[in-house]
Amino acid sequence: MRRRLAALAVSAVVVLAAACSGDAVTAPPPPPPMHPAPGASGAGDPYYPDDGNGGYDALDYHVDATYDPPSGHLDGDTTVTARATQDLSRFDLDLRGLDVHGVEVDGKPAKFTREKAFELVVTPPEPLRAGTTFRTRVRYGGDPAKTPHEGGSENGWQHSADGGAYMVGEPHSAAFWYPVDETPRDKATFTLTAHVPPGWTVVSNGREGPPGTWTEPNPVASYLTTIAIGRFTLERSALPDGTPVVSAYAPGTESRRAIGGRLPEVLGFLSSRFGPYPQSAAGGIFLNESVPFSLETQTRPTYAKWADLPTLVHESAHQWFGDSVSVDNWSDICLNECFASYSQWLWAEREGQNLDDRYRAAIEITHASTAFWAQKLVGMGQGHEFEGVYNKGILAVHALRREIGDPAFDRLLHEWPSRYRHANATWTDFEAMAARISGKNLKAFFDAWFRGTQLPADADLFPGSLRS
């Protein structure tokens, strides 16, 4: 106490001396006036204009979820940490179906409404100044399996064969079970704390903590977050660099363990082609479900019951192409799928297959197929994102490899995930990098293969060693 009084006395003398000497003591300038306005209700993707939101940048999600498998009821308590990118009078989060019980912004009750199909509109008690970090807590609940979904690769919340549940989907996934800025443009860190009855296990993204807790410290696109609740058997190990590996096997997937056990070998090979493994953890979620797709959920892909070794290679390659480096627009999905698909060919080449022979055989089969060549790989149009990237996309990437040569292609495969690590990138960015590394004008090649809707001319169809 004495020290504080002495310090105050000294401060008073200093102020008085300054005043006597004629030096004015100036107060800090007042903050600039605010001009609050609503954040946009969409992030601007031309294919899905209502997805995501504007006015803020999501930094972190902490999802606290309680799930009862017998009833299918979910109670959620999610805190979204974000930074305002404008003066905000209100902002939106994306949430599908579930009932909202209350919203707080920085610990104070906030008004909220539901608009359109999935907009949760939040009005904070005071406007938010641009550049400030704020926390929004949403308490909600319901049966997420009852929320309608579009089918296909938008799977929605599903009950599993063992009585549990799982969540995978693309492009829409997260908003089925927590409030989110549902656009791959706004990546954020993610933590799940889940509560389930005894006998059930929860698996999610990132590193394993206390039971039911998983943390992904790297930014993740929301559709790549996941939750799986089941009577899993967990297998734990580590990669040679110490990265933890946790794989979960649902009842009935015992035969998948031989495939899952090859993950370190697969990641080692892919690291030799793409650079160091970019994620905080590794593993897989092996479901006993006939889902029509497997999905590259970050750090821990989710596998359908039919998944084989090439599927493991494909989803593992996404940890570089799609997860670490994420698309800015869904029209650029070839950045994810074309290269993950080509990784299966790289694996086959490792096993001794001649890829030029495989390419020529594929061209012979598809040569006369107008429908095959009509599939655009870039700018394909909403609803057509996943039509050509798994087959024509492989041929396009192999043709690019022969067009620029192996040294340039190998450098491209390393430099791309290094340059945009844990960020977003566009197809235009990729074309620019390929041209710079190769030293070639590739515009006509890219137009023919990736934007074209016809069989490329022979010069582009059989470049480099493919001419022989």
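A quick note: this is a predicted structure, and the numbers were derived from the prediction, not measured.

Trainee: Would you explain the state of the cysteines in this entry?
Mentor: By definition, a disulfide links the sulfur atoms of two cysteines through a covalent bond. Evaluated as defined, the whole model comprises one disulfide. The disulfide that involves cysteine 334 links it to cysteine 338, with 2.0 Å between the sulfurs. Taking the sign of the torsion about the S-S bond as the criterion, the disulfide between cysteine 334 and cysteine 338, at about -110°, is left-handed. On the criterion of helical spacing, the pair formed by cysteine 334 and cysteine 338 is a turn pair, its members being four residues apart in helix α5 (residues 334-350).

Trainee: Teacher, can you tell me more about α5 here?
Mentor: For an α-helix the count is 3.6 residues per turn, leaving residues at separations of three or four pointing the same way. Spanning 17 residues, α5 covers 23 Å between terminal C-alpha atoms, matching the ideal 24 Å at 1.5 Å per step. Most of α5 sits out of view: 14 of its 17 residues are buried. Just downstream of α5 lies glycine 352, where phi reads positive at about 105°.

Trainee: Please explain the sheet that holds strand β6 (residues 108-109) as it appears in this structure.
Mentor: Pairing between the strands of a sheet is mediated by backbone hydrogen bonds and can be parallel or antiparallel. Pairing is mixed across the open sheet formed by eight strands, whose spatial order is β6-β5-β9-β3-β2-β12-β15-β14. Across the chains shown, the open sheet's two edge strands, defined by having one partner strand only, are β6 and β14 (207-208). Of the strand pairs in this sheet, strand β5 (residues 99-105) and β6 are connected by two bridges, and their pairing is antiparallel. Across the sheet, valine 105 pairs through a bridge with lysine 108, a residue of β6.

Trainee: Looking at this structure, I do not really get the packing of α5 against helix α8 (residues 392-404). What am I missing?
Mentor: Each pair of packed helices gets described by two things: the angle between the helix axes and the distance between those axes. Two elements in contact, α5 and α8, have axes separated by 8 Å at closest approach and are oriented at 70°. The angle between α5 and α8 places the two elements in the roughly perpendicular class. In this structure, the crossing between α5 and α8 has a hand that is right-handed. Between α5 and α8, the contacting residues are Cys338, Phe339, Ser341, Tyr342, Trp345, Leu346 and Glu349 on the first element and Gly393, Ile394, Leu395, Val397, His398 and Arg401 on the second. When the residues that make up the contact of α5 with α8 are grouped by side-chain class, the tally is eight nonpolar, three polar and two charged.

Trainee: Explain the packing of aromatic side chains here, please?
Mentor: To describe a pair of aromatic rings, you give the distance between the ring centres and the angle between the ring planes. Under the defined criterion, the tally for this structure stands at 30 aromatic pairs. Ring centres of phenylalanine 269 and tryptophan 347 lie 5.5 Å apart, and the angle between their planes is 80°; on these two criteria the pair is classed as edge-to-face. Here tryptophan 347 lies in helix α5 and phenylalanine 269 lies in helix α3 (residues 263-274), a separation of 78 residues in the sequence. For tryptophan 347, a relative accessible area of 7% gives the class buried. Between tyrosine 342 and tryptophan 345, the aromatic rings sit 6.1 Å apart at their centres with planes inclined by 40°, giving tilted as the arrangement. Within this pair, tyrosine 342 and its partner tryptophan 345 are both found in helix α5, separated by three residues, close to a single helical turn. The burial state of tyrosine 342 is the same as that of tryptophan 345; both residues are buried. One aromatic cluster is present, formed by Phe274, Tyr277, Trp320, Phe321, Phe339, Trp416, Tyr420, Trp427, Phe430, Phe445, Phe446 and Phe450 through successive ring pairs. In this arrangement the basic side chain of arginine 96 is found over the ring face of phenylalanine 176, its NZ or CZ atom lying 5.5 Å from the centre.

Conventions we followed
Residues numbered from 1 in each chain as written. Predicted model: local features only at pLDDT ≥ 70, side-chain atom pairs only at ≥ 80, totals over all residues. Heavy atoms only, no water. Disulfide = S-S within 2.5 Å. Helix = DSSP H or I, 4+ residues; strand = E, 2+ residues; numbered from the N terminus. Expected span 1.5 Å × (residues − 1). Buried < 20%, exposed > 50% of the residue type's maximum accessible area, 1.4 Å probe, protein only. Pairing = 2+ DSSP bridges. Axes fitted to C-alpha atoms, helices over the stretch in contact; angles between N-to-C directions. Parallel < 35°, antiparallel > 145°, perpendicular 65-115°, else oblique. Left-handed = near helix turned anticlockwise from the far one by under 90°. Contact = heavy atoms within 4.5 Å. Nonpolar A, V, L, I, M, F, W, Y, C, P; charged D, E, K, R; others polar. Phe/Tyr/Trp six-rings, centres within 6.5 Å; stacked < 30°, edge-to-face > 60°. Lys NZ or Arg CZ within 6 Å of the ring centre and 35° of its normal.

These figures come from the coordinates and say nothing about function on their own.
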